[in-house]
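Residue strings, one per chain:
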Amino acid sequence: MAEILLVEDEANARKILSLGLELQGHQVIACASPEEAQAHMKAHAFDIVLTDLRMEGRDAGLEVIKLSKKLQPRARVLLLTAYASADTAVTAMKEGAFDYLTKPVSGEELAAAVERALFDAAPPTTETTVERSAERSDEKEMLVGESELMQRVRQRLSRAAKSDFTVLISGESGTGKELAARFVHAHSTRSKKMFVPVHCAAIPEGLFESELFGHRKGSFTGADFDRVGLIESADGGTLFLDEVGEMPLAVQVKLLRVLQERRIRRVGDDAERDVNIRIIAATNRDLDAEVAHGRFREDLFFRLNVVPVHMPPLRQRREDIPQLAKAIVRQWSEGRARIAESCMKRLCELPFMGNVRELENILQRMLALSDTGDLDLQLLAELYSGAQSEPQLSLSSLQHDNHNLDEWMEAIEKQVIDEALAKTGGNITRAAEELGISFRSLRYRLKKLGFARGDE
Ligand SMILES: Nc1ncnc2c1ncn2[C@@H]1O[C@H](COP(=O)(O)OP(=O)(O)OP(=O)(O)O)[C@@H](O)[C@H]1O
Ligand SMILES: [Mg+2]
């Protein structure tokens, strides 16, 4: 798939790395020093230069980066480094290395780094054609927003659509992760085939395997028919693993194997079947943290995180609100309703912790209540106090169990914090951001409210 120049002075490591890369389908030329590398660079064009940092007692990898910049401007440089020299690796990134890997490097990690580098090295000409076709097509309506953040997201998604790389979409609830996945599918060569969503959070643990892989009649109690699994039904198309962080560890191992081999076996079946699928995964959890806590397999994370795309929260791109609001109202009222200017102005100031989904909910409810089709400030004011207290602080339910105002306030504070933590997968720094308070202040409150977080 890619032509790779490997520079590594240690013979064993050189052998293992080139074998690993060749098994992944790449062509490798291996050498042992910057001088040899230079000779190869003059003779041949590479997609990727993979170099060790420390060679023969010096940071020879930095020389390789310089050579590569001069002789192979289109190649991406990946740097291999031992843990102790992570600082130098940062310097190397500044010098122009694309990424660095800490030794020892697993096969998964290497494969993912190479794919990421290839993705980013895709020639810009294809990029603009895809973008333009994305601009033209009706699908563009799907991902509204001209803020710089949204433009960048769309550009990245368009590029991803052009390739078959695995995409991992992160972002808070309601930011448009599923829409982004559909956008990629719709602009890919697979668009005529199925887009199959798998809502990992909704599948009971015991049924996961048969849902994903299918089963043979009689393979377990209740399996009265042969059944095609979701993976197989996505054959030729796209499998969308929504809330992939919720997938049980036992299923993660099996999914990893599918990603590696592109083959599946139905539960209770002997035969293996080839499947041709593109995978897009989404998560509103911090998967890095899930990996650190042992709740998500690191190797699967590497496999999924080839093209990471982050959907920014709506409050970071408020300039998109008018356009989104208009598009939503147009869609739900078939062009009949109008948003008054004062109402639009107020919409642009609201916090929208529930992101685009919350904006959509408010507008739908306003449309339902408006007789004239005019959405004005008064209507919004009537609804919004309700909209705020309903999902987050169900005041009436809290009222009953609390004897005085202090207890009541404390219960509310606890619930709000709890929700922020749930939303950020327990990440205190991000929860504090959500709540608009400092990290220390949140930690203090957590202690005061008796949240059991002794590990933080
Ligand atoms: N950029 C956008 N343009 C138009 N509509 C959008 C945009 N982003 C989100 N939406 C709409 O907002 C709603 C929520 O989007 P979506 O379901 O994709 O979010 P999500 O990130 O998957 O949320 P959750 O984490 O809650 O599943 C959908 O109805 C979607 O159509
Ligand atoms: Mg979703």
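Because the structure is a prediction, the values reported are computed rather than measured.

(A) Representation of the site of ligand 1 in the model. The environment of ligand 1 is formed by 16 residues, the closest being Val144, Ser173, Gly174, Lys177 and Glu360. Separating an oxygen atom of ligand 1 from a backbone N or O atom of glutamate 178 is a distance of 3.1 Å. When isolated, ligand 1 has an accessible area of 630 Å², and the protein chains bury 85% of it. Listing elements by their share of the shell around ligand 1, those giving two or more residues are α8 (177-186) and α16 (355-369). Residue composition of the shell around ligand 1, grouped by class: 7 nonpolar, 4 polar and 5 charged. Both domains that meet at the shell around ligand 1, namely domain 2 (124-310) and domain 3 (314-389), each give it at least three residues.

(B) Representation of helix α3 (residues 60-71) within the structure. Taking 1.5 Å as the rise per residue, α3 with 12 residues should run 16 Å; its terminal C-alpha atoms sit 16 Å apart, in good agreement. For α3, the set of buried residues is Ala60, Gly61, Val64, Ile65, Leu67 and Ser68. Within α3, the buried residues cover an arc of 165° as seen down the axis, which keeps them to one side. Facing away from the buried side of α3 by over 90 degrees, the exposed positions are Lys66, Lys69 and Lys70.

(C) How the structure looks around the pattern of salt bridges. Summed over all chains, the structure comprises 29 salt bridges. A salt bridge links aspartate 59 to arginine 54; its shortest N-O distance comes to 3.1 Å. We classify aspartate 59 as partly exposed; its relative accessible area is 24%. The class of arginine 54 is partly exposed, set by a relative accessible area of 43%.

(D) Representation of the nonpolar core in the model. Residues Leu50, Leu157, Ile169, Val307, Val309 and Met311 are the most contacted members of the largest nonpolar core, which totals 38 residues. Looking at this core element by element, the count peaks at 6 residues for helix α5 (residues 107-120). There are two domains that each give this core at least three residues, and those are domain 1 (3-105) and domain 2 (124-310). Excluding its chain neighbours within four sequence positions, the residues that come into contact with valine 307 are Phe119, Arg156, Ala160, Phe165, Thr166, Val167 and Leu168.

Rules and cut-offs
Residues numbered from 1 in each chain as written. Chains lettered and ligands numbered in written order. Predicted model: local features only at pLDDT ≥ 70, side-chain atom pairs only at ≥ 80, totals over all residues. Heavy atoms only, no water. Near = heavy atom within 4 Å. Polar contact = N/O pair within 3.5 Å; in protein donor to acceptor, adjacent residues only side chain to side chain. Areas by Shrake-Rupley, 256 points an atom, 1.4 Å probe, with all protein chains shown as cover. Helix = DSSP H or I, 4+ residues; strand = E, 2+ residues; numbered from the N terminus. Nonpolar A, V, L, I, M, F, W, Y, C, P; charged D, E, K, R; others polar. Domains from an automatic or database assignment. Expected span 1.5 Å × (residues − 1). Buried < 20%, exposed > 50% of the residue type's maximum accessible area, 1.4 Å probe, protein only. Arc of directions from axis to C-beta. Salt bridge = Lys/Arg side-chain N within 4 Å of Asp/Glu carboxyl O. Core = buried A, V, L, I, M, F, W, Y, C linked by side-chain atoms within 4.5 Å. Contact = heavy atoms within 4.5 Å.

The values are spatial; any link to function lies outside them.
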